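Each chain is listed here by its residues.
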Amino acid sequence: MAEVMRALIPVRAGLACRELSVGYGSRTVLEGVSLDVRAACWTAVVGPNGCGKSTLLRALAGLMAPRQGTISLQGRQLTSWSRRERARRLAWLAQTATATDLTAAEVVSLGRFAHCGWLAHRTAEDAAAMRRAMLATGSLPWARRRLSTLSGGERQRVHLARMLAVEASVLVLDEPTTHLDPPHQEDVARLLRQQAHECGVCVLSAIHDLSLALMADRLIVLGDGGVIGHGTVRDALNHDWLSKAFQTSVNIVDYDGVHLWRPQLEMTSNG
Amino acid sequence: MTALPVPAIGAGALDADGGESARFLGWVAVCLAITLVITCGSLVVGTSSIRTSLHWLLSPDAQSSVILWQIRFPRTVGAWFAGALLGMAGAVAQGVFRNPLAEPYLLGTASGAALGVTISLMAADASMSGLAWAGQIGVTGAACVGACVAIALTITLSRGMLQTAGLLLAGIVVAFLLSAVTSLLLLTQPETWRAMQAFLLGSTGFLSWSSVILLGVVFLLCIVPATLLSRGLDALTLGEDTAQSLGLSLPALRLALLGVLSLATAAVVGQVGIVGFVGLVAPHLVRQTLTVNHRQLLIAAPLCGGALLQAADLVSRWIVRPTELPVGAVTACVGGSYLIVLLWRRSRDG
Amino acid sequence: MSGICTAGAWRESVFSSGQPVGEHVMHRHERPVRAQHPLCRLAPRVPSTPTGCGMTVRRLRTVLAAVGVIPGIALSLALLSATTLAQTAGPVVLRDDLQREISLPRPPQRVISMLPSLTETVCELGACTRLVATDRYSDWPERVKKLPKTGGLDDAQIELIVSLRPDLVLLSRSQRITDRLQELGIVSFALNTQSYADIQRNIQIISELLGKPERASGLSQFIERAIRDIGAQAIARRHGAGPSVYFEVDQAPYAAGPNSFIGELLTRLGTRNIVTPELGPYPRLNPEYVVRHNPDVIFISSTEADRIATRPGWDQIRAVKERRLCSFSAKVGATLIRPGPRVAEGMSAMADCLARVAP
């Protein structure tokens, strides 16, 4: 099934935007952005604070109306999808993992909301999807515990499970590795890569941690009110987009086939 | 679409905890039992001049029969329905605004109802022909209309249903505005002040069977859509962005829930006046003793609110019999004390 | 009311013109003493005669006057002392109902009344012209309607009061402006106006404040007599015990107990109040209580009278079944329960209604 999916995926079956302009109130955060977020690919968005990572993601996920420009999901205009269809195809993970009184199982079952709707009771398929999602994130042991009793990292994993339960073809994640300790950050990265490569899902995530971001397939580097560059990680490193974005020298080293960010602490400060 | 093999986990792993649902059912049973006890107590308690006994209850004389079946019984049942509506409205308000301090009168309904009642009382005395309709529909109708006008004003003022904070702010503004108008009107005809006070402090004194039927119908009209929309409330607790991404239409959800809230509050305010704290305290009480999702909350909060208001009604009639305290004052005392205890406990726990 | 109406004809204009008191102030039917005596030096306060007195005539007149002047002086001095002692012998010091000692150096000429009942009392005591302003609800007698209005119970307009430069402000005990007025140097006097005894006491106190203590008893006795007569008539007209009555002051329902002012009047009319004294003057009753006690007559506002049968269980009450309702509009109700000098009128209205519905 996975192999068939991979073979059939056209290049533009993910998210795309043309001349996108987004902002809040009178402030324009990004302007003239044209991107292609490919399916079966893990794309990471990086950039300095306030460059508009979250804004871009929210606009692409349809949570925010753009000032100008068009967004298309799987070849069709985002606005032309019905709300429910869009919810089935695009799953979102917010930056802050909210604590509620709901149990983990209930939260994950909300991920099936677009599939079963208001009244429909959980079918076997829903239950199976939920179980898979919780297993993938390792949150099954606390299925009956209230979210407010879990730690930040555990909560984050429950929310990840909720996102996976949607079984969408596009995943948009805003800082998915917040609150997670390194082993679990690893798990998340592994999960995202697996979803992209083996499930053909279009994964778009904003990641703060440069080393993790460089594990993705493609990078979108934001800065200065626009896109500094987008392409494969190799492209990004060759053109040193990161340094341009952060307006400082960003030192990336290759170690054992993995790109790592090496902080330079020996720099002498001049004034 | 799975990469990992599915281990053999029991099918019930994702279902609700058996212990939790047992607690919930137990809680519901306790509430119903309390309601039953209070109802029976209400039939027995009244003015001190009535000697009550089982014999009297089963075969009362004509006048006692009137008192029993036309005054005491509808009063206590009506109080239950009013309390249930307030509890449900409070749970809905706290869910929609995602604020534990939200209560049914947030959207200015209390002030709007007070204004409606003022106009009705003034029109009844004065010969203001333009407001004769207010006298026609009576105090209850005027209170309802006033409450609805206040809500409409709030929604128009907040201009766009995607901003919860805007709605809250607009509600506060409308409440102040309508209170000011009410005060101005009262200045021109201050004799209505005393009648207004009775309304402002709440009174279950004149609940008749027709009131009970009205409140019961409204309760059904409100509880059904509210429980259907409870999953939406659950989704809202995850954050507005997440709820939207799950396919919820936030404006439609809010509109429906606010509609339920308005109907419930307007009906209660029309029948018993402004009774505070029940809408605030009932959902809190439920959450203190149980942890529930919104569907369970929308069952438990009305039960709790109904029992609360019934108890308050009983207390207001019994403590200083044969006179009575305004029921709003009793709920304020009880509700206020409960909140103080809550705050103290929270500050002690850090 | 004839006795009281003529009281207003007593000459009070003298005070407002600011003339010193003297022989002008006396009872109507007494001749002024030595007001126009030709001998110029014998009655010092009389305007002196023209200087065209002859010497010899003067001497003779002096001798004659010396003989006749002693009783004259004695009499006029006695009269002077009698009246001026009452008026200008010293400040009037009275204790008001806020337990403050209020002293007035002389009778106030500019009075503001902040309660309708006190306005009526002041006018009945013949000092209506001294009123410079009233509260907005004072509407009797007609002339006070033209006076400037200085607000109501809760919103007295301090600025207006101050600008009118009153010598005395009469107000109710529950108004909060006494401190402020004191700061601004205005004398205020607080009075309780709840019971019938308060009415009588206030008449006495206000008359003393105004410098007309002799007027009080006439008015008091008149009111007492009127009330007694109306009560006696009502009781005599009936054969047997009076009807049981429920007076609803407000729709909570608030009833008038026998200790309230209305309750006292109703008791004097020979009725039995369904409310017992220990419940207080204005208890908020359980509606069940009224049903249980089944009053014969109900006093209620006219708007509520239309709806009374819809109250649960109330259609079984005798008064409702037989339509023995005495209803009054809000405006009439306000004057009905005004604890002022016209209380007999209100009582008479109640007696009439009772005679109609419960003969």
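Since we're looking at a predicted model, the values are computed, not measured. Sequence positions are assigned chain by chain, starting from 1 and proceeding in written order. Numbering of ligands from 1 and lettering of chains from A proceed in the order in which they are written. In keeping with the model being predicted, local features are shown solely for residues with a pLDDT of at least 70 and side-chain atom pairs are shown and tallied solely at 80 or more, while totals for entire chains, interfaces and linings include all residues.

Re the overall build of chain B
Part 1: What counts as a helix is a DSSP run of H or I of at least four residues, what counts as a strand is a run of E of at least two, and both are numbered from the N terminus. Across its full length, chain B holds 15 helices and zero strands.
Part 2: Any residue with 12 or fewer other C-beta atoms within 10 Å of its own C-beta is exposed, any with 20 or more is buried, and the rest are partly exposed; the C-beta atoms used are placed from the backbone. Relative to its full complement of 350 residues, chain B shows a buried share of 52%.
Part 3: Any two residues are considered in contact once their C-beta atoms, placed from the backbone, lie within 7 Å. Counting only contacts in chain B whose residues sit at least 6 apart along the sequence, the fraction spanning at least 24 positions is 80%.

Here's the deal with the overall build of chain C
Part 1: Across its full length, chain C carries 14 helices and eleven strands.
Part 2: The 359 residues of chain C split such that 39% are buried.
Part 3: Counting contacts in chain C only where the partners sit at least 6 residues apart, residues at least 24 apart contribute 56% of the total.

What to know about the interface of chain B and chain C
Part 1: Facing the 26 residues of chain B at the interface are 22 residues of chain C.
Part 2: Among the secondary structure elements, those contributing two or more residues to the side of chain B that touches chain C are α3 (62-96), α4 (109-125) and α8 (192-200) of chain B.
Part 3: The greatest single-element share of the side of chain B that touches chain C, amounting to six residues, is contributed by α3(B).
Part 4: Note that Gly is not counted as nonpolar here; it falls among the polar residues with everything else outside the nonpolar set of Ala, Val, Leu, Ile, Met, Phe, Trp, Tyr, Cys and Pro and the charged set of Asp, Glu, Lys and Arg. Here the side of chain B that touches chain C is built from residues that sort into eleven nonpolar, nine polar and six charged.

So, the sheet that holds strand β4 (residues 131-134) of chain C
Residues and elements named next belong to chain C.
Part 1: Between any two strands, at least two bridges found by DSSP are needed for them to pair. Spatially, β4-β3-β5-β6 is the arrangement adopted by the four strands of the open sheet, whose pairing is parallel. Each edge of the open sheet carries a strand with a single partner, namely β4 and β6 (188-191). For this sheet, the mean angle separating the axes of adjacent strands, direction not counted, is 20°.
Part 2: Of the strand pairs in this sheet, strand β3 (residues 111-113) and β4 are connected by three bridges, and their pairing is parallel. Within β4, the residue paired with Ile-112 across the bridge is Ala-133. Interaxial angle, 0 to 180 degrees, is taken between N-to-C directions of lines fitted to C-alpha atoms, where a helix line uses only the stretch in contact.

Some thoughts on the interface of chain A and chain B
Part 1: Contact with chain A, which involves 35 residues of that partner, is made by 25 residues of chain B.
Part 2: Elements represented by at least two residues in the side of chain A that touches chain B include exactly α3 (83-89), β6 (90-93), α4 (104-110), α5 (113-116), α6 (124-137) and α8 (182-199) of chain A.
Part 3: With six residues, the top contributor of residues to the side of chain A that touches chain B is α6(A).
Part 4: A per-class count over the side of chain A that touches chain B returns 21 nonpolar, three polar and eleven charged.

A short note on the sheet that holds strand β2 (residues 27-37) of chain A
Residues and elements named next belong to chain A.
Part 1: Strands sit in the order β2-β1-β4-β5 across an open sheet of four strands; the sheet is antiparallel. Two strands close off the open sheet at either side, each with one partner strand: β2 and β5 (76-77).
Part 2: Strand contacts of helix α2 (residues 53-60): β1 (15-24), β2 and β4 (68-73), with the helix running at about 125° to β1, the strand carrying the most contacts.

A closer look at the packing of helix α8 (residues 213-237) of chain C against helix α14 (residues 343-357) of chain C
Residues and elements named next belong to chain C.
Part 1: Relative orientation of the contacting elements α8 and α14 amounts to 5°, with a least axis distance of 9 Å. The pairing of α8 with α14 is recorded here as roughly parallel in orientation. Mapping the contact onto sequence places Ile-223, Ala-226, Ile-227, Ile-230, Ala-234 and Arg-237 in α8 and Val-343, Ala-344, Met-347, Ser-348, Ala-351, Leu-354 and Ala-355 in α14.
Part 2: Tallied by class, the residues present in the contact of α8 with α14 amount to eleven nonpolar, one polar and one charged. What sets the label is the angle itself: under 35 degrees gives roughly parallel, over 145 gives roughly antiparallel, 65 to 115 gives roughly perpendicular, and the rest give oblique.

Concerning the nonpolar core
Part 1: Counting residues in hydrophobic clusters, the biggest one holds 184 residues, and the most contacted among them are B:Leu85, B:Met88 and B:Ala264.
Part 2: Of all hydrophobic cores here, the second largest spans 77 residues; its members include C:Ile161, C:Ile274, C:Leu285 and C:Val320. We define a nonpolar core as a collection of buried residues of the types Ala, Val, Leu, Ile, Met, Phe, Trp, Tyr and Cys that are connected via C-beta atoms lying within 7 Å of each other.

Notes on the pairing of strand β7 (residues 244-250) of chain C
All names here are of chain C.
Part 1: Within β7, six of the seven residues are buried, which leaves it mostly tucked inside the rest of the structure.
Part 2: The pairing of β7 with strand β9 (residues 272-273) spans two bridges and is parallel. Bridge assignment links Val-245 to a residue of β9, and that residue is Asn-273.
Part 3: Relative to strand β10 (residues 297-301), β7 runs parallel, the two being bridged by three bridges. By the bridge assignment, Val-245 is partnered in β10 with Val-297.

Some points on the confidence of the model for chain B
Residue and element names in this part refer to chain B.
Part 1: The predictor's confidence in any single residue is recorded as pLDDT, a number from 0 to 100. The predicted model of chain B has a mean per-residue pLDDT of 83, with 85% of residues at 70 or higher.
Part 2: When mean pLDDT is taken per element in chain B, helix α9 (residues 209-228) scores highest with 94 and helix α5 (residues 132-136) scores lowest with 55.
Part 3: Note that residues 1-11 has pLDDT below 50 and, in this model, twelve contacts with residues that lie over four places away or in other chains.

Thoughts on α9(B)
All names here are of chain B.
Part 1: Given a helix with a known number of residues, its expected span is that number minus one, times 1.5 Å. Between its terminal C-alpha atoms α9 stretches 29 Å, which fits the 28 Å expected from 20 residues at 1.5 Å a residue.
Part 2: For α9, every residue scored as buried is listed here: Ser-211, Val-212, Leu-215, Val-218, Phe-219, Cys-222 and Ala-226. Across the axial projection of α9, the buried residues extend over an arc of 135°, all falling on one side. Across from the buried face of α9, at angles greater than 90 degrees, the exposed residues are Val-217, Leu-220 and Val-224.
Part 3: Residues of α9 that are buried sit in contact with α3, α10 (230-236), α12 (250-272) and α14 (294-318). Of all possible arcs, the one meant is that of the directions from the helix axis to the C-beta atoms.

Describing unusual backbone geometry
Part 1: Between C:Trp140 and the following residue, C:Pro141, the backbone shows a cis peptide bond with an omega angle of -5°.
Part 2: Structurally, C:Pro141 can be placed in the loop between β4 and α5 (158-163).
Part 3: A positive phi is found at A:Glu175, a non-glycine position, where the angle reads about 55°.
Part 4: Here A:Glu175 shows up in the loop between β7 (170-174) and α8.

Side note on the pairing of strand β11 (residues 252-255) of chain A
Part 1: Pairing of β11(A) with strand β12 (residues 258-261) of chain A involves four bridges; the strand directions are antiparallel. The residue bridging A:Val253 from the neighbouring strand is A:Leu260, located in β12(A).

With respect to the environment of C:Val332
Part 1: With respect to the helices and strands, the residue C:Val332 is situated in helix α13 (residues 330-336).
Part 2: Placed 31 residues apart in sequence, C:Val332 and C:Ser301 show a C-alpha to C-alpha distance of 9.3 Å.

Section: the packing of helix α6 (residues 138-158) of chain B against helix α7 (residues 164-188) of chain B
Residues and elements named next belong to chain B.
Part 1: Taken N-terminus to C-terminus, the directions of α6 and α7 make an angle of 130°; their axes are 8 Å apart at the nearest point. Our classification of the angle between α6 and α7 gives oblique. Seen from above, α6 lies across α7 with right-handed handedness. When α6 is examined against α7, the residues Ala-150, Leu-153, Thr-154, Leu-157 and Ser-158 are found in contact with a partner set consisting of Gly-166, Leu-167, Ala-170, Gly-171, Val-173, Val-174 and Leu-178.
Part 2: In terms of residue class, the contact of α6 with α7 is built from eight nonpolar, four polar and no charged. Crossings are sorted by hand: turned counterclockwise from the far helix by less than a right angle, the near helix makes the crossing left-handed, and turned clockwise it makes it right-handed.

So, α7(B)
Part 1: Taking 1.5 Å per residue as the helical rise, α7(B) with its 25 residues ought to reach 36 Å, and the 37 Å between its terminal C-alpha atoms agrees with that figure.
Part 2: Residues of α7(B) that are buried include every one of B:Leu167, B:Ala170, B:Gly171, B:Val174, B:Ala175, B:Leu178 and B:Thr182, and no others.

Regarding the environment of A:Val188
Residues and elements named next belong to chain A.
Part 1: Along the polypeptide, Val-188 turns up in helix α8.
Part 2: Note on Val-188: 20 C-beta atoms within 10 Å, which makes it buried.
Part 3: If we skip the residues at most four places from it in the chain, Val-188 touches Leu-160, Pro-176, Thr-177 and Leu-180.

A short note on the environment of B:Gly276
All names here are of chain B.
Part 1: With respect to the secondary-structure elements, Gly-276 resides in the loop between α12 and α13 (278-289).
Part 2: Taking the number of C-beta atoms within 10 Å as the measure of exposure, Gly-276 has 21 and is therefore buried.
Part 3: A C-alpha to C-alpha distance of 8.5 Å links Gly-276 and Ala-329, two positions 53 residues apart in sequence.
Part 4: Ignoring any residue separated from it by four or fewer positions in sequence, one finds Gly-276 in contact with Gly-328, Thr-331, Ala-332 and Gly-335.

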